[in-house]
Amino acid sequence: MKKILSVTQFLLNGLRKHENIRCLHTGYISHQKQFVLTKDRYPHIKRGNYTELNDNHVKFFKDLLGSDRVLTDPNDVQPYNTDWIKMVCGYSRIVLKPKTTEEISNILKFCNKEKLAVCPQGGNTGLVGGSVPVFDEIVLSMSLMNKIININELSGTLVCEAGCVLETLDQELEKHNLMMPLDLGAKGSCQIGGNISTNAGGLRFLRYGSLQGNVLGVEVVLANGEVLDCLNVLKKDNTGFHLRHLFIGSEGTLGIVTKAALQCPPRPKSIILAFLGVEDFESVLSTLKLAKEQLSETLSSCELIDAPSLDAVNKYLGIKSPIDEFPFYVLIETSGSDVNHDEEKLNVFLDKAMTRGIVIDGIVTNEPSKMQNIWQLRERIAEALLHTGAVYKYDVSLPVQHFYEIVPLLQNELKDTSATVVTGYGHIGDGNLHVNIAAEEYDQDLVNNVIEPFVFKWVSEKKGSISAEHGIGLKKTEFLHYSKTPEAISLMKKLKNLFDPSGILNPYKVLPLH
Ligand code: FAD
Ligand code: MLT
Ligand code: ZN
C-alpha cells in the first residue's frame with residue numbers, strides 16, 4: 001500500500017503552470033465548425049405568435065436606456081445568441097442592458113403590451129439551453145445590475161443586485177469573514193440571479209445546502225412590469241406563502257430576479273483538501289460513508305472524478321494529476337475553525353481508509369494555491385470535454401448505490417456509435433452524477449434515438465431525477481414527465497399562466513410544449 005503524501009511532500013508536477021487560469025472562459029471557441037440554429041436542430045419547436053421587433057420598438061428601448069445599452073449590431077448580439085456549449089443558437093436582433101429595476105419594469109410593461117418575447121440572461125453559463133433565445137426573443141442581459149447593496153457581518157447576510165458575478169460576491173464577502181454558500185466551476189462568469197433562477201447546486205451543497213434554503217428574499221419584476229418586493233433579510237419569516245421559492249429554479253419563466261438577499265456562512269479558518277485514488281466504485285461508496293462518519297461537521301465537499309474525466313483534463317488542458325492510473329478519484333474537502341482539530345480528524349479518517357484498503361493513494365494539502373490546482377482537476381472537466389467536438393450532458397440525481405451504474409451501461413450501449421468517450425463525475429456527496437458523452441461531431445439522431453431514451457428511462461426506473469441541478473431549460477422540457485406527475489405539470493402550467501398570461505417570459509423553456 002502506498003503512503004499518502006503529507007502537506008509538505010505534495011508535488012505540483014504539471015499543475016503549476018495553470019495556477020492562474022480561471023475555471024471558465026465564456027469566450028471559449030468551439031471546435032465545431034459552425035453554429036446550427038436551434039430552430040433547425042429542434043424543428044418540432046414552432047415560433048409562438050409573438051410580435052417581430054420593428055424600428056419603433058428599437059426606438060422605444062433606445063429612448064429608455066440610451067443607445068449604448070441597446071445592442072443591435074449582429075456582431076455584438078451574436079455572443080448572447082449562443083450558449084456556453086455551443087449547442088443552441090437563437091437569432092435575436094437585440095440585447096437590452098438595463099441598470100435598474102425601474103428600467104426592467106418599463107421594458108417588461110412595454111414587451112407585455114406589444115407581445116414581444118423576452119429571454120433573460122445572466123452569465124450565460126447555463127447547460128440546458130435556457131439562457132439564450134430559441135428564435136428572435138429580446139435578450140435581457142442582467143450584467144449591468146451588478147451592485148452590492150449591503151453586507152451585514154453580524155447577521156451574515158448579503159443583499160445585492162442579480163447581475164453580480166458569484167466570484168466577485170465571494171471576494172467581497174471575504175473582507176467580512178463571510179463566504180457565499182454556493183460555489184461552482186462557472187463562478188468567474190455566472191451571476192447570482194442566474195444561480196437563483198436555476199437553483200444551482202455546486203461543489204459545497206453537501207455542507208451548506210440549496211439556494212432554496214440560503215436565499216432569504218428576492219425582488220422580482222413580473223411579466224406585466226409589476227415589481228414584487230420579497231426582499232426579506234430575516235432568517236425566519238413564516239408569514240404566508242413563501243413566494244420567493246417560486247422564482248428559485250423557475251429559469252426566468254415566471255419573473256426577472258432583480259435583487260436578492262442571501263444568508264452567508266462564516267468563512268472557515270481552516271480548509272484541507274484530500275485527493276484520493278480508489279480501485280473500484282464500492283470503495284468510492286465506502287470512502288463517502290467513512291468520510292461522513294469521521295469528518296462529520298468538518299466535511300464540506302465530496303466529489304467524484306472517474307478515469308475518463310481525469311484523462312480529458314490532462315489531454316485537453318494539459319493539467320497533470322499528482323496521482324493517476326486509478327479508475328476513480330475522490331476529492332474530499334474539510335472546512336472548520338481550527339486547523340489542528342480538522343487535521344487530526346482528517347488523519348484519523350485517512351488512516352482508517354488506508355488500513356481498510358478503501359483508499360490506495362492520495363495527496364493532502366492545505367496550501368491555497370495547491371488546493372486551487374487540485375480543484376481544477378474537478379472544476380474544469382466540463383471545459384476539457386468540450387475540446388472533443390460535441391458533448392451531450394446529463395445531470396441526474398440517483399440513489400447513491402446506483403450512482404455510477406449507468407456509465408458502464410452507456411459505454412456498452414454506445415460502443416458502435418460516433419460517441420468517443422463516456423464519463424461520469426460529480427457531486428457524489430449529494431447523489432448528483434454528471435454523465436457526459438463526447439463525440440467528434442454532434443449527431444441529433446444518436447441523441448434522440450439512443451442516448452436520451454436510454455438515460456431518462458433508466459434514471460426514472462431508479463427513482464432518480466432527470467435534472468439534479470442544471471434545470472430543464474429548452475433541452476429537457478419533453479422529459480419533464482419522467483420526474484413530475486401530470487398533475488404537477490398541469491399546476492406548473494397554471495402558475496405560468498397566472499404570472500405571465502401572454503407567455504412573453506423565456507418561452508419554450510421548462511414546460512413541455514403540449
Ligand atoms: P444563465 O446561464 O445566463 O441563465 C440560466 C437560466 O436562468 C436561464 O433560463 C435564464 O433565462 C435565467 N436567468 C438568468 N438570470 C436571470 C434573472 N436575473 N432573472 C430571471 N431569470 C434569469 N450548475 C450547477 O448547478 N452546479 C455546478 O456545479 C455547475 N457547474 C458549472 C460549471 C461550468 C464550467 C459551467 C459552464 C456551468 C456550470 N453549471 C453548474 C451551470 C451554470 O453555471 C448554472 O446553471 C448557473 O447557475 C447559471 O448562472 P448564469 O448567470 O450563467 O445564468
Ligand atoms: C459540474 O459539476 O462540473 C457542473 O455541473 C458542470 C458539468 O456538469 O459539467
Ligand atoms: Zn455540477
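A quick note: this is a predicted structure, and the numbers were derived from the prediction, not measured.

**Here's the deal with the overall build of the chain**
- Within the chain, the regular secondary structure consists of 17 helices and 16 strands.
- In summary, the chain has a C-alpha radius of gyration of 23 Å against a globular reference of 24 Å for 514 residues, a match within 12%.
- With the C-alpha coordinates aligned to their principal axes, the bounding extent of the chain is approximately 75 × 60 × 45 Å.
- Per-residue burial over the chain gives 58% buried out of 514 residues.
- Taking the contacts inside the chain whose residues are at least 6 apart along the sequence as the reference set, 77% of them involve residues at least 24 apart.
- Accessible area for the chain stands at about 21,200 Å²; split by element, carbon and sulfur atoms hold 52% of it.
- Charge separation in the chain, taken as the distance between the mean sites of 53 positive and 61 negative side-chain charges, equals 2 Å.

**Quick look at the site of ligand 2**
- Residues in contact with ligand 2, as listed here, are Leu127, Arg378, Ala382, Lys393, Tyr425, His427, His434, Glu469 and His470.
- Within the side chain of Lys393, a nitrogen or oxygen atom sits 2.8 Å from an oxygen atom of ligand 2.
- Tyr425 is positioned such that a nitrogen or oxygen atom in its side chain is 2.4 Å from an oxygen atom of ligand 2.
- Of the residues belonging to the shell around ligand 2, the class tally is three nonpolar, three polar and three charged.

**Some remarks on the site of ligand 1**
- Lining the immediate surroundings of ligand 1 are 36 residues, of which Pro120, Gly122, Gly123, Thr125 and Gly126 lie closest.
- In the model, an oxygen atom of ligand 1 is placed 2.8 Å from a nitrogen or oxygen of the Asn124 main chain.
- Within the side chain of Thr125, a nitrogen or oxygen atom sits 2.7 Å from an oxygen atom of ligand 1.
- Here ligand 1 loses 97% of its free accessible area of 970 Å² to cover by the protein chains.
- Here ligand 1 occupies the largest cavity.
- Those elements that place two or more of their residues in the shell around ligand 1 are strand 3 (118–121), helix 6 (192–198) and strand 9 (256–263).
- Of all the elements, helix 6 adds the most residues to the shell around ligand 1, at five residues.
- Looking at the shell around ligand 1 residue by residue, the classes come out as 12 nonpolar, 22 polar and two charged.

**Here we look at the sheet that holds strand 10 (residues 270–278)**
- Taken together, the seven strands give an open sheet; going across it, the order is 13-10-12-11-15-16-14, and neighbouring strands pair in antiparallel fashion. Looking at which strands have only one partner, the edges of the open sheet turn out to be strand 13 (361–365) and strand 14 (390–397). Within this sheet the neighbouring strands show an average axis-to-axis angle of 15°, counted without direction.
- Pairing analysis gives eight bridges linking strand 15 (residues 419–427) to strand 16 (residues 432–439), with the strands arranged antiparallel. Within the sheet, the bridge partner assigned to Gly424 lies in strand 16 and is Val435.
- Strands in contact with helix 11 (residues 307–317) are strand 10, strand 11 (299–306), strand 12 (328–336) and strand 15; relative to strand 11, the strand with the most contacts, it is inclined by about 85°.
- Its contacts with the sheet put helix 12 (residues 339–355) on strand 10, strand 12 and strand 13, and the angle it makes with strand 10 is roughly 15°.

**As for the coordination of the zinc ion (ligand 3)**
- Here the zinc ion (ligand 3) is held by the protein donor atoms His427 (NE2), His434 (NE2) and Glu469 (OE), which lie 1.9 to 2.1 Å from it.
- Going along the chain, you hit the donors of the zinc ion (ligand 3) in the pattern H-x6-H-x34-E. Pair noted here: His427 is in strand 15 and Glu469 is in the loop between helix 16 (444–461) and helix 17 (486–499), with a separation of 42 residues, a long-range link.
- The class of His427 is buried, set by a relative accessible area of 3%.
- Note on Glu469: relative accessible area 11%, which makes it buried.

**Some thoughts on the pattern of salt bridges**
- Tallying each qualifying case throughout the model produces 21 salt bridges.
- Note that Glu161 is salt-bridged to Lys147, the shortest N-O span being 3.9 Å. Taken as a pair, Glu161 in strand 6 (residues 157–161) and Lys147 in the loop between strand 4 (138–141) and strand 5 (148–152) lie far apart in primary sequence, 14 residues in all.
- Two residues, Asp183 and Lys187, come together in a salt bridge whose shortest N-O distance is 3.0 Å. Here Asp183 and Lys187 have matching classes, each one buried.
- Via salt bridges that share partners, Asp183, Lys187, Arg204, Glu333 and Glu379 belong to a single interconnected network.

Parameters at a glance
- Sequence order as written defines the numbering, with residues in each chain counted from 1.
- Numbering of ligands from 1 and lettering of chains from A proceed in the order in which they are written.
- A pLDDT threshold of at least 70 governs which residues receive local features in this predicted model, and a stricter bar of 80 or more applies before side-chain atom pairs are shown or counted, although totals over entire chains, interfaces and linings include all residues.
- Hydrogens and water are ignored here; the side-chain numbers use all heavy atoms of the structure.
- Secondary structure elements follow DSSP: runs of H or I no shorter than four residues count as helices, runs of E no shorter than two count as strands, and numbering proceeds from the N terminus.
- Two things to know: the radius of gyration comes from C-alpha atoms, and the globule rule equals 2.2 Å times the number of residues to the power 0.38.
- Accessible area is worked out with a 1.4 Å probe on protein chains only. A residue is then buried under 20% of its type maximum, exposed over 50%, and partly exposed in between.
- The contact criterion used is simple: two residues touch if any of their non-hydrogen atoms lie within 4.5 Å.
- Residue-level accessible areas treat just the shown protein chains as cover; the underlying method is Shrake-Rupley with a 1.4 Å probe.
- Note that His is not counted, nor are the chain ends; the positive residues are Lys and Arg, and the negative ones are Asp and Glu.
- Lysine's charge is taken at NZ, arginine's at CZ, aspartate's at CG and glutamate's at CD.
- Think of it this way: one heavy atom of a residue within 4 Å of a molecule or strand is enough to make that residue near it.
- By the criterion applied in these results, polar contacts are pairs of N or O atoms within 3.5 Å in which, for protein atoms, one can donate a hydrogen and the other can accept it, and in which residues neighboring in sequence qualify only through two side-chain atoms.
- Charged residues are taken to be Asp, Glu, Lys and Arg, nonpolar residues to be Ala, Val, Leu, Ile, Met, Phe, Trp, Tyr, Cys and Pro, and polar residues to be all remaining types, Gly included.
- Only protein atoms enter the 1 Å grid used here, on which a cavity is any set of points holding a 1.4 Å probe that cannot leave and a pocket is any open set flanked by protein within 12 Å on both sides along at least five of seven lines; residues with an atom within 4 Å of a point are listed as lining.
- Any molecule with more than half of its atoms within 2 Å of a cavity's or pocket's grid points is counted as sitting in it.
- Pairing between strands requires that DSSP locate at least two bridges from one strand to the other.
- Interaxial angle, 0 to 180 degrees, is taken between N-to-C directions of lines fitted to C-alpha atoms, where a helix line uses only the stretch in contact.
- Only N, O and S atoms count as donors, using a 2.8 Å cut-off from the metal and 3.2 Å for Na, K and Ca, and because water is excluded some sites may appear unfinished.
- Whenever Lys or Arg places a side-chain nitrogen within 4 Å of a carboxyl oxygen from Asp or Glu, that contact is recorded as a salt bridge.

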